[in-house]
Amino acid sequence: MHPSRPIALALLAVLACKDSSGPACTISGVTMNPLSAQMRVGESINIPATVASANCGVTVPALEYSTSQPAVASVTSTGSVTALSVGTTTITAKLVGRNDQTSATVTVSGRVLTIAIRPSGPSVPVTGTIPLVAELTTDPGTPTTVRWTSSDPSRATVNATGVVTGVAAGTTTITAIAEADTTRRATATLAVIPRVTGLQVAPSAVAIRVTETRQLSATVAGDSGVATSVTWRSANPTIATVSASGLVAGLSAGQVLVTATSTADTSRKATASLTIMPRVSTVTIAPDSSTIFVAGTVQLVAAVTGDPGVSGAVTWRSASPAVATISGTGLVTGVSAGQVTMTAVSVQDSTKSTTATVVVAPRVTGVTLGPAVTQGLFIGGSLPITATVSGDAGVSQAVTWTSSDVAKVTVTATGVVTGVSTGTATITARSVADPSKSGTATVHVVARVTSLTVSPTPTTVDIGATRQLTAVVVGDAGVSQAVTWSTSNAAIATVSAGGVVTGVAEGTVAISARSATDPTKSATATVTVSGALTLQCMVGLDANADFGTPGSAAPGTAICMDAITQFPVGSEVSLGVKTTGGIIVAATFSTSNSTLIELNPFSATTTRAFAAEFGPAVATITATTAHGTVSWTFTLPAYGASIRDLPEVLTRGRAAARRPVSRD
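Rules used in this analysis
Residues numbered from 1 in each chain as written. Predicted model: local features only at pLDDT ≥ 70, side-chain atom pairs only at ≥ 80, totals over all residues. Heavy atoms only, no water. Helix = DSSP H or I, 4+ residues; strand = E, 2+ residues; numbered from the N terminus. Buried < 20%, exposed > 50% of the residue type's maximum accessible area, 1.4 Å probe, protein only. Contact = heavy atoms within 4.5 Å. Areas by Shrake-Rupley, 256 points an atom, 1.4 Å probe, with all protein chains shown as cover. Pairing = 2+ DSSP bridges. Salt bridge = Lys/Arg side-chain N within 4 Å of Asp/Glu carboxyl O. Polar contact = N/O pair within 3.5 Å; in protein donor to acceptor, adjacent residues only side chain to side chain. pLDDT = per-residue confidence, 0-100.

Draft legend 1. Representation of the overall build of the chain. If you tally the helices and strands in the chain, you get one helix and 65 strands. Considering the chain as a whole, with its 664 residues, one finds that 39% of them fall into the buried category. Of all intrachain contacts in the chain linking residues separated by at least 6 positions in sequence, the fraction that spans at least 24 positions is 58%. A total accessible area of about 31,900 Å² is found for the chain, and carbon and sulfur atoms account for 53% of it.

Okay, here's the thing in structure tokens:
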């Protein structure tokens, strides 16, 4: 209760009471004390009224109390006033049955029930601000305004609306005083913290594999004494988690941001970009060993295994580029002969790698076999074939051998062929270093020759005559009967490819037959040549007749005469020489008068004689041979004679004139 100054209120009245025992009772007035009062809702005070009286031996009239605003305050019959709600009311005291009264003014204000500051433990950075709010619980109608104060304005100030501004690091007490009741107040301890001017996370970008960890660090920059602690958060904990100390752990492949927030100033944040890569389990290379030639290539393929999504990318490296190089795609190129290790390293995990061995061999340019053709390998016989591999220096000579028909010819690993049955097979030698290079040889397997005979032996033949010899080859079934013939002295006797012996001069000669299949097998016949060589002339009535090659039989149209008595102009005959044995011999022909008779050589054994002029005249034709000479006498008749004047024996063949005859 807040009483005002006492004010005496007198109700001047003269109340005369007359009693039987004395003077009359006089009432001079009614007073209240106090005449005004300040109350709060719920409070009660007494505002008694006093009656001024004299000579009243009896009780004065009773007082009656009333309130003008019963909702604001109530009053009892004894003057006890109780504040009910905010407002103003008048309390009146009146004498019962009289007009004498007095009053007092009562003002009721609301109570401030509670007061608190929010936030309850505020903090603010130096130069920063924070609004504080005073929360009051009051009676209805009670003002809620407060007055703010700071216990240490050197640390922080507060304005009339409760906005606090940090001045220097430290603490101060902020007080909110309810203006409706200054006894009601609230306080809050304010921490003025150093400013955070920057925050960095290192490293700012991290790449780790699943299950791996990496420590992140946060650096807080700011005023002296600023708190350096931070809180950490992962944007996606299913990809990576982060501990309170900044240790990140990869859980699954992907990318995620990790954020550090300053505890001193939560508006300050920094992030790190985190890439979680699948784990690499193994790296393999196929093929893991290979052989190429100088300037040749081979493609290596690397396979990377690991967690789902693992990268298959690798980097390639040659241990010796002077031997072989390798491209970024794994293509190896031979440079020089030697051996080199190729390495594939996982791009995603450089600790995972593997190697492959590459042998660079000298190039093979070809394979040749010797002999290239074997004509007479006997059944059961063997023959070594040599393979020569050509190429770069140091090229391997190793080859593999195969036969196209092992039923006919077999071949060993060293190239020795063996005849199995008659026929032909192709033997192939293939380079071990380069199977694309090979060479072949043809082997002909023939039946074996066991013996050879020549018959008749001994035998005789006249000079100029012939004798047929026969050779018989004995051996395996189907053995070839082919032989080659030779004479020990061609001046005595010659022998043809068919075994026909011709006597040349008196003497004895050995005629040999040698197996064409097996030249080691041969036989000989002894031939004795007897008798003198006699030459005979030949005249062919057919001017086109050719007596053939030396040693052949004379044409059937040829006759032998050494004189032609009538050979008119335009007549033409063939001339030749044979032995008495009928063997044609080579000859060189000449004429004693080329004006009368023209000679036209036709072959080594034949010439044509042509009557070119009229006679009467005689011309001689001479044939010179290795065995002697023969001659013909031609009588050319005078003009008027004709070819029908020739002897009957000559005209039997009717040698017609070859060109018209005219007399000039």
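Draft legend 2. The arrangement of the pairing of strand 27 (residues 254-262) in detail. Bridge count between strand 24 (residues 230-234) and strand 27: five bridges; the pairing is antiparallel. Across the sheet, Ser-234 pairs through a bridge with Val-258, a residue of strand 27. Pairing analysis gives eight bridges linking strand 27 to strand 28 (residues 269-277), with the strands arranged antiparallel. Note that in strand 28 the partner of Leu-257 across the bridge is Ser-273. Once strand 27 ends, the chain turns through six residues before running back antiparallel as strand 28.

Draft legend 3. A look at the environment of Asp-139. Within the secondary structure, Asp-139 is located in the loop between strand 14 (133-138) and strand 15 (146-150). Through-space distance from the C-alpha of Asp-139 to that of Val-112 is 6.8 Å; in sequence the pair is 27 residues apart.

Draft legend 4. Geometry of the sheet that holds strand 65 (residues 628-636). Taken in spatial order, the four strands line up as 58-65-64-61 in an open sheet, and their pairing is mixed. Each having just a single partner strand, strand 58 (563-564) and strand 61 (588-591) make up the two edges of the open sheet.

Draft legend 5. Focus on unusual backbone geometry. In this structure, the amide linkage connecting Thr-457 to the following residue, Pro-458, adopts the cis form with an omega of -5°. Structurally, Pro-458 can be placed in the loop between strand 47 (449-455) and strand 48 (459-462). The omega angle of the peptide bond from Gly-615 to Pro-616 is 0°, so this bond is cis rather than trans. Along the chain, Pro-616 turns up in the loop between strand 63 (607-611) and strand 64 (617-625). Positioned with a positive phi, Thr-127 is a non-glycine residue whose angle comes to about 75°. With a relative accessible area of 52%, Thr-127 lands in the exposed category. Even without a glycine there, the phi angle at Thr-211 is positive, about 80°. A residue is classified by how much of its surface remains accessible, and Thr-211, at 53% relative accessible area, is exposed.

Draft legend 6. Broad picture of the environment of Gly-394. Note on placement: Gly-394 falls in the loop between strand 41 (386-391) and strand 42 (399-403). Exposure remark for Gly-394: the relative accessible area of 70% places this residue in the exposed category. On a C-alpha basis, the gap between Gly-394 and Ala-337 in space is 8.6 Å, while along the polypeptide they are 57 residues apart.

Draft legend 7. Main features of the environment of Thr-173. Mapped onto the fold, Thr-173 is located in strand 18 (residues 170-178). Here the alpha-carbon distance between Thr-173 and Ser-150, two residues 23 residues apart in the chain, equals 5.7 Å. Among all residues touching Thr-173, those that are not within four sequence positions of it are Thr-149, Ser-150, Ser-151, Thr-187 and Ala-188.

Draft legend 8. Main features of the pattern of salt bridges. Inspection of the entire model under this criterion finds 15 salt bridges. Among the ionic pairs, Asp-307 bridges to Arg-279, the shortest N-O distance being 2.8 Å. Placement of the pair is Asp-307 in the loop between strand 32 (301-306) and strand 33 (314-318) and Arg-279 in the loop between strand 28 and strand 29 (280-286), with a sequence separation of 28 residues. For Asp-434, the salt bridge goes to Lys-437, with nearest N and O atoms at 3.3 Å. The network of salt bridges with common partners includes Arg-209, Glu-212, Asp-349 and Lys-352.

Draft legend 9. Seen up close, the side chain of Asp-518. Assignment of secondary structure puts Asp-518 in the loop between strand 54 (507-515) and strand 55 (522-530). Setting aside anything within four residues of it in sequence, one finds Asp-518 in contact with Phe-378 and Val-449.

Draft legend 10. Looking closely at the side chain of Ser-150. Relative to the assigned elements, Ser-150 resides in strand 15. For Ser-150, the side chain forms a polar contact with the main-chain nitrogen of Asp-152, separated by 3.3 Å. Within the structure, Ser-150 has its side chain in polar contact with the backbone oxygen of Ala-156 (distance 2.8 Å). Each residue touching Ser-150, except ones within four places of it in the same chain, is listed here: Ala-156, Val-158, Thr-172, Thr-173 and Ile-174.

Draft legend 11. Structural detail: the pairing of strand 37 (residues 353-361). Pairing geometry for strand 30 (residues 289-293) and strand 37, over five bridges, is parallel. Among the inter-strand pairings, Ile-292 is bridged to a residue of strand 37, identified as Val-360. Across eight bridges, the pairing between strand 36 (residues 338-346) and strand 37 is antiparallel. Opposite Gln-339, over in strand 37, you have Val-359 as the bridge partner. Hairpin connection of strand 36 to strand 37: six residues between the antiparallel strands.

Draft legend 12. Representation of the confidence of the model for the chain. When pLDDT is averaged along the chain, the result is 86, and 86% of the positions lie at 70 or above. Here residues 1-20 is modelled with pLDDT under 50, and outside its nearest four sequence neighbours on either side it reaches 51 contacts, counting other chains as well. For the stretch residues 553-557, pLDDT sits under 50, and the model shows 13 contacts to residues farther than four places along the chain or on other chains.

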